[in-house]
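# Reading the structure
In case you want the letters, here they are:
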Amino acid sequence: MPITNQQVAGRAFLQPMYDDPYFPDRVVDRGKVILLQLCGRIEAKQPSDLETLYALTQAATEEFNLLDREFMAAGSGIETVAREWICDEFCLVASAYGFTDADAEELTAGRDW
């Protein structure tokens, strides 16, 4: 399902990670897919409240938890700076879909990175 929200459809998700050679592009690509799938789920389910949005972002956070293992296997990892970049993307997605009051910590609750 193509993303219809123009704020995220053309977004270069995780660009700072692509710009940093510490993060392998092939693994960052998977992170970008996770974010795009999150957008697709939001568009499909059209959450009407934060609780429903948080359930969707929690699923994406769990996918990033698994992705961190791939980063580590490649000699990288989701460390402090990358964590902030990823959390910023979650906030941007929430805002793009009208959830400007979403709590940044709640969007990625359950993260182990």
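What comes next is a walk through the structure. By convention here, each chain's residues receive numbers from 1 onward along its written sequence. In keeping with the predicted nature of the model, local features appear solely for residues at pLDDT of at least 70, side-chain atom pairs appear and are counted solely at 80 or more, and the whole-chain, interface and lining totals rest on all residues. Side-chain metrics in this entry use all non-hydrogen atoms of the structure; hydrogen atoms and water are not considered.

Right, let's get into the packing of helix α3 (residues 25-45) against helix α5 (residues 80-96). Packed helix pairs are specified by the crossing angle of their axes together with the interaxial distance, meaning the distance between the axes. Comment: axis = line fitted to C-alpha atoms, over the contacting stretch for helices; angle = value between 0 and 180 degrees taken between N-to-C directions. Put simply, DSSP marks the helices as runs of H or I at least four residues long and the strands as runs of E at least two long, and each gets a number from the N terminus on. Interhelical geometry of α3 versus α5 gives an angle of 20° and a closest axis separation of 11 Å. With respect to α5, the element α3 is oriented roughly parallel. Considering the relative orientation of α3 and α5, their crossing is right-handed. Only E89, F90 and V93 of α5 make contact with α3, whose side of the interface consists of L35, L38, C39 and I42. In these notes the angle categories are as follows: under 35 degrees is roughly parallel, over 145 is roughly antiparallel, 65 to 115 is roughly perpendicular, and the rest is oblique. Crossing chirality is assigned from the near helix's rotation relative to the far helix, an anticlockwise turn below a right angle marking it left-handed and a clockwise turn marking it right-handed. Here a residue-residue contact requires only that any non-hydrogen atoms of the pair lie within 4.5 Å.

Bringing the side chain of N5 into the picture now. Following the sequence through the fold, N5 ends up in the segment before α1 (6-9). Any pair of N or O atoms that falls within 3.5 Å is considered a polar contact. Within protein, one atom must be able to donate a hydrogen and the other to accept it, and sequence-neighbouring residues count only if both atoms are side-chain atoms. Within the structure, the side chain of N5 is placed 2.8 Å from the backbone nitrogen of Q7, a separation counted as a polar contact. In this view, N5 contacts E43, A96 and Y97; residues no more than four positions away in its chain are not counted.

Salt bridges are counted wherever a side-chain nitrogen of Lys or Arg sits within 4 Å of a carboxyl oxygen of Asp or Glu. For the structure on display, the rule yields 4 salt bridges. Across the salt bridge formed by E105 and R111, the nearest N and O atoms sit 3.4 Å from each other. Residue class for E105 comes out exposed when judged on its relative accessible area of 51%. Overall, the relative accessible area of 23% leaves R111 in the partly exposed class. Exposure is judged per residue with a 1.4 Å probe applied to protein chains only, and the accessible area is read against the type maximum: over 50% gives exposed, under 20% gives buried, and values in between give partly exposed.

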